[in-house]
Amino acid sequence: MDLIQFFGRFHVLVLHLPIGILLLAALLEIHCAFFNKERTKLFNLVWFWGAFSAISACILGYMLSTGGGYSEVAVFIHMAFGISVASIAVICTLFFTYKKTANKFLIIGLASLQLFLLFSTGHYGANMTHGETYLVEHAPNFVRTLAGFEPYQTPRPPITKIEDADIYLDLVKPIFKGNCVSCHNDAKAKGKLNLANIEDIIKGGKTASTWGDGKLNNSELYRRITLDEHHKEFMPAEGKTALSENQVKTLAWWIKSGLPVSGNITTSTLNTADKKIIAQQLGLVAADNTWPLPKHPSIPEEIIVDLQQQGFLVKTIAKDVNYLDVDYSSNLQAIPDQAIAALLEAKKYIAYLNLVNSQITTEQLSSIGQLENLLRLRLNKTPIDDAGLAALQTLTNLQYLNLYSTKITDASSSVLLNISQLKQLYVGQTALTQGAITEISAIKPDLKIFGLSNKIPDFQAATEKVLKNQAKKATL
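From a predicted model like this one, the values you see are computed outputs, not experimental measurements.

A.B. asks: Whenever I open this one, the overall build of the protein chain confuses me. Can you help?
C.D. replies: The helix and strand inventory of the protein chain stands at 19 helices and seven strands. If you take every contact in the protein chain between residues at least 6 apart in sequence, the share linking residues at least 24 apart comes to 59%. Summed over its atoms, the accessible surface of the protein chain is roughly 26,600 Å², and 58% of this surface lies on carbon and sulfur atoms. Taken together, the 43 basic and 40 acidic charged side chains of the protein chain have centroids lying 3 Å from each other.

A.B. asks: What's the story with the pattern of salt bridges in this structure? I'm lost.
C.D. replies: Throughout the structure, instances matching the rule amount to seven salt bridges. In this structure, Glu220 engages Arg223 in a salt bridge whose closest nitrogen and oxygen atoms are separated by 2.8 Å. Of this pair, Glu220 and Arg223 both sit in helix 10 (residues 220-225), three residues apart, which is roughly one turn of that helix. According to the relative accessible area criterion, Glu220 is buried, its value standing at 18%. Here Lys249 and Glu245 are joined by a salt bridge, their closest N and O atoms 3.3 Å apart. On the criterion of helical spacing, the pair formed by Lys249 and Glu245 is a turn pair, its members being four residues apart in helix 11 (residues 245-256). For Glu245, a relative accessible area of 45% translates into the label partly exposed. Several salt bridges converge on common partners, so that one network encompasses Glu220, Arg223, Arg224 and Glu233.

A.B. asks: Explanation requested: the sheet that holds strand 2 (residues 321-327) in the structure shown.
C.D. replies: Two modes of strand pairing occur in sheets, parallel and antiparallel, and in both the strands are linked by backbone hydrogen bonds. Read from one edge of the open sheet, seven strands run 1-2-3-4-5-6-7, paired in mixed fashion. In the strand order of this sheet, the two ends are held by strand 1 (313-318) and strand 7 (448-450), each with one partner. Recorded for the sheet is a direction-independent mean angle of 15° between the axes of neighbouring strands. Sheet topology note: the strand 5 (residues 400-402)/strand 6 (residues 424-426) ladder contains three bridges and is parallel. Following the sheet pairing, Leu401 is matched in strand 6 by Leu425.

A.B. asks: In this structure, what is going on with helix 3 (residues 16-34)? I would like to understand it.
C.D. replies: Residues that lie three or four places apart on an α-helix share one face, since the helix turns once every 3.6 residues. Taking 1.5 Å of rise per residue, 19 residues should cover 27 Å, and helix 3 covers 27 Å from first to last C-alpha, within 8% of that figure. Count one or two residues on from helix 3 and you reach Asn36, which has phi positive near 55°.

A.B. asks: Got a minute to help me understand the side chain of Ser367 in this structure?
C.D. replies: Structurally, the position occupied by Ser367 is in helix 15 (residues 362-368). In this structure Ser367 comes out as buried when scored by relative accessible area, which is 14%.

A.B. asks: Is there a simple way to explain unusual backbone geometry in this structure?
C.D. replies: Both trends apply: most residues other than glycine have a negative phi, and most peptide bonds are in trans. A cis amide bond links Met235 with the next residue in sequence, Pro236, at an omega value of 5°. The topology assignment puts Pro236 in the loop between helix 10 and helix 11. A positive phi angle, near 55°, is found at Ser405, a position not held by glycine. One can find Ser405 in the loop between strand 5 and helix 17 (413-418). According to the relative accessible area criterion, Ser405 is partly exposed, its value standing at 27%.

A.B. asks: It is not clear to me how the packing of helix 8 (residues 167-179) against helix 11 should be interpreted in this structure. Could you clarify?
C.D. replies: Each packed pair of helices is defined by two parameters, the angle between the axes and the distance between the axes. Interhelical geometry of helix 8 versus helix 11 gives an angle of 130° and a closest axis separation of 11 Å. As summarised for this structure, helix 8 and helix 11 are arranged oblique, according to the angle between their axes. Along this stretch, helix 8 crosses helix 11, giving a crossing that reads as left-handed. Each of Ile167, Leu171, Val172, Ile175, Phe176 and Asn179 in helix 8 lies in contact with helix 11, whose residues at this interface are Gln247, Thr250, Leu251, Trp253 and Trp254. Split into classes, the residues belonging to the contact of helix 8 with helix 11 amount to eight nonpolar, three polar and no charged.

A.B. asks: Would you mind showing me how to read the state of the cysteines here?
C.D. replies: What makes a disulfide is a covalent bond joining the sulfur atoms belonging to two cysteines. Across all of its chains, the model carries zero disulfides by this definition. Not engaged in a disulfide, the cysteine Cys32 finds its nearest cysteine sulfur in Cys92; these two sulfurs lie 14 Å apart. Classification of Cys32 as buried rests on a relative accessible area of 9%. Cys180 provides the cysteine sulfur closest to Cys183, a residue in no disulfide bond, and the two sulfurs are 8.9 Å apart.

A.B. asks: Explain the side chain of Asp325 here, please?
C.D. replies: Mapped onto the fold, Asp325 is located in strand 2. Buried charged residue Asp325 carries no salt bridge. Nearest counter-charge: Lys315, at 4.3 Å. In this structure Asp325 touches Leu313, Val314, Lys315, Ile317 and Tyr352, once residues within four positions along its chain are discounted.

A.B. asks: Would you explain the packing of aromatic side chains in this entry?
C.D. replies: Between two aromatic rings, the relevant description is the distance of the centres plus the angle of the planes. Applying the stated criterion to the full structure yields 14 aromatic pairs. Ring plane angle 80° and centroid distance 5.1 Å describe the contact between Phe34 and Phe35, whose orientation is recorded as edge-to-face. Note on Phe34: relative accessible area 53%, which makes it exposed. Taken together, a centroid distance of 5.5 Å and an interplanar angle of 80° make the contact between Trp49 and Phe52 edge-to-face. Residue Trp49 and its partner Phe52 are located together in helix 4 (residues 42-65), separated by three residues, close to a single helical turn. Classification of Trp49 by relative accessible area gives partly exposed; the value is 44%. Feature note: the residues Phe6, Phe7 and Phe10 constitute an aromatic cluster, connected by ring pairs. The side chain of Lys104 reaches across the aromatic face of Phe105, ending 5.7 Å from its centre. In this arrangement the basic side chain of Arg376 is found over the ring face of Tyr400, its NZ or CZ atom lying 4.0 Å from the centre.

About the thresholds
Residues numbered from 1 in each chain as written. Predicted model: local features only at pLDDT ≥ 70, side-chain atom pairs only at ≥ 80, totals over all residues. Heavy atoms only, no water. Helix = DSSP H or I, 4+ residues; strand = E, 2+ residues; numbered from the N terminus. Contact = heavy atoms within 4.5 Å. Areas by Shrake-Rupley, 256 points an atom, 1.4 Å probe, with all protein chains shown as cover. Lys, Arg positive; Asp, Glu negative; His and termini not counted. Charge placed at Lys NZ, Arg CZ, Asp CG, Glu CD. Salt bridge = Lys/Arg side-chain N within 4 Å of Asp/Glu carboxyl O. Buried < 20%, exposed > 50% of the residue type's maximum accessible area, 1.4 Å probe, protein only. Pairing = 2+ DSSP bridges. Axes fitted to C-alpha atoms, helices over the stretch in contact; angles between N-to-C directions. Expected span 1.5 Å × (residues − 1). Parallel < 35°, antiparallel > 145°, perpendicular 65-115°, else oblique. Left-handed = near helix turned anticlockwise from the far one by under 90°. Nonpolar A, V, L, I, M, F, W, Y, C, P; charged D, E, K, R; others polar. Disulfide = S-S within 2.5 Å. Phe/Tyr/Trp six-rings, centres within 6.5 Å; stacked < 30°, edge-to-face > 60°. Lys NZ or Arg CZ within 6 Å of the ring centre and 35° of its normal.

Here it is, written out as structure tokens:
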């Protein structure tokens, strides 16, 4: 247990207070001074709480920085601006509280300085969290140039055959950029691992075995991206989308090949399986797990707005896949019936649904069973029991189901068998026994079950036992 890091992580919550309070205080002062309006003593109270929250954010930010994982230069710049914000806030609090009269240009100057420092601190904080190019990632070239960044490079030509693909630029870099560099970049290198450029990639992180010298069993990165997603060391962390199966296999090939970072792919050195993996990653052939649902041309905006108003976090699955990933887990409270009704209105578009900690009821689960396009459903840490689970048998497209820390028992075995497309099941900390899992696995050997021991002894014997039981029941 690390109390400094525990409190330090509240920095990301508290920092929003001085941003809002000091922004309001500075704008009010500028408005009153510019238009010769009478200011009230209430402004002094706003400045006081702005200064107090800024000082608190500085202290918590320093505590967070002691955990490492950030560029020392980036931390210094962000900290310097943060302390400047707090200092000017204190000066403004004292000045406006005890100075009875003041030149309006002085007032506007102090308030403007506060705004400048506030925006600068936020900018450098965002750089640490999201990378230096986050704000200008989609900006026009003239904006990027004004901000001191290189203009966009001419897009690489479409790859039409494997031999034309550059190993790093076309195969490896897109995986890291899309999944990893938000936490492993020049300003924020978690575990001292920077995946934003070739030189630092080869260097690896603080663990000497980042890449394992070409051996997957020795590679720390490969171990982490293949852990169970509930494991505290699983990567990508912080709830980010896990790498696809094909992305994992692509990185595995790259690691085994010795991390080549230049040159085109030579197909003569590839076996049939590796060729297929690379061709799928480059989009030259369809992946084994292509999107299984019919595509929608678009999602009505009112559907998304209605879900957001009910407290859901909503995002689309992918750029060209008009289905929704809907998340209620951050609410940490019972899900109301109005929210369930919003889900039903959007059922045609919902593919992923996260109801962790939602306290969903058995009656509400009957509505969830009507989401015919649902592919992934997370019900971990909810009071769901066998009766509630029975309502999910109608989810004919469901492939992933998380029942971790729920009240299901062996009585749910038949229900789980009836979910025809189920491929991944999480049942840790439930009353489902190893014996029940053995029977389920015997009938559905392709179903991956996590949470209890995944080593099912003697599948053939287990299968024969299940068949005998079924035959016995049939003769009764």
